[in-house]
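# Tertiary structure, described
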Amino acid sequence: MLEVLGAVVDHRVGPDSRTKPVFEQSAVVAPAPKLPDHPAYRQIMTVFAAADAPLRARQVYEAMDLEIVPSNINNTRLKLKRLTEHGILVEAEQGLFTQPRP
């Protein structure tokens, strides 16, 4: 048997003497995505840990008790998009972010 990308491949010989692969799914769990090192990402994830509904960038920014400045809200939005790209958050609708469900 050979393990390929989390699947076990068993080469069995069929009745016509040709080898045909048989795939079996193994229980491989992907590692959790790594949170970027900047402290703002930890603050954002703390807000989502306390949230009971999806949030917009402005709501996240307000929950962090920071002065409301449009450029800072846009920076928060970019961080939320980056967390979405890493698989840490999910964009349920355009501009509406939440943690993925297990």
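Note that the coordinates shown come from a computational prediction; the quantities given were computed from them, not determined experimentally.

## Regarding the pattern of salt bridges
Enumeration over the complete set of coordinates arrives at 3 salt bridges. Lys 34 is paired through a salt bridge with Asp 37; the nearest N and O atoms lie 3.2 Å apart. Under the relative-accessibility criterion, Asp 37 is labelled exposed at 60%. Across the salt bridge formed by Lys 81 and Glu 91, the nearest N and O atoms sit 2.9 Å from each other. One end of the pair, Lys 81, is in helix H3 (residues 70-85); the other, Glu 91, is in strand E4 (residues 90-93), with 10 residues separating them in the sequence. You can call Lys 81 partly exposed: its relative accessible area is 33%.

## Description of unusual backbone geometry
One non-glycine residue with positive phi stands out, namely Asp 65, at about 55°. With respect to the helices, strands and loops of the structure, Asp 65 is situated in the loop between helix H2 (57-63) and H3. You can call Asp 65 exposed: its relative accessible area is 70%.

## Structural notes on the nonpolar core
If you look at the biggest cluster of nonpolar residues, it comprises 16 residues, and the most contacted ones within it are Ile 44, Phe 48, Val 60, Leu 80, Leu 83 and Leu 89. The leading source of residues in this core is helix H1 (residues 39-50), at 5 residues. Those residues within four positions of Ile 44 in sequence are excluded, and the remaining contacts are Val 60, Met 64, Thr 76, Lys 79, Leu 80 and Leu 83.

## Brief notes about H1
Its 12 residues place the ends of H1 17 Å apart at the C-alpha level, agreeing with the 16 Å of an ideal helix rising 1.5 Å per residue. Burial in H1 covers these residues: Ala 40, Tyr 41, Ile 44, Met 45, Val 47 and Phe 48. Buried positions in H1, seen along its axis, are confined to an arc of 155° and lie on one side of it. Residues of H1 that are exposed and point over 90 degrees away from its buried face: Thr 46, Ala 49 and Ala 50. Of the surrounding secondary structure, the elements contacted by the buried residues of H1 are H2, H3 and strand E5 (96-98).

Definitions and cut-offs
Residues numbered from 1 in each chain as written. Predicted model: local features only at pLDDT ≥ 70, side-chain atom pairs only at ≥ 80, totals over all residues. Heavy atoms only, no water. Salt bridge = Lys/Arg side-chain N within 4 Å of Asp/Glu carboxyl O. Buried < 20%, exposed > 50% of the residue type's maximum accessible area, 1.4 Å probe, protein only. Helix = DSSP H or I, 4+ residues; strand = E, 2+ residues; numbered from the N terminus. Core = buried A, V, L, I, M, F, W, Y, C linked by side-chain atoms within 4.5 Å. Contact = heavy atoms within 4.5 Å. Expected span 1.5 Å × (residues − 1). Arc of directions from axis to C-beta.

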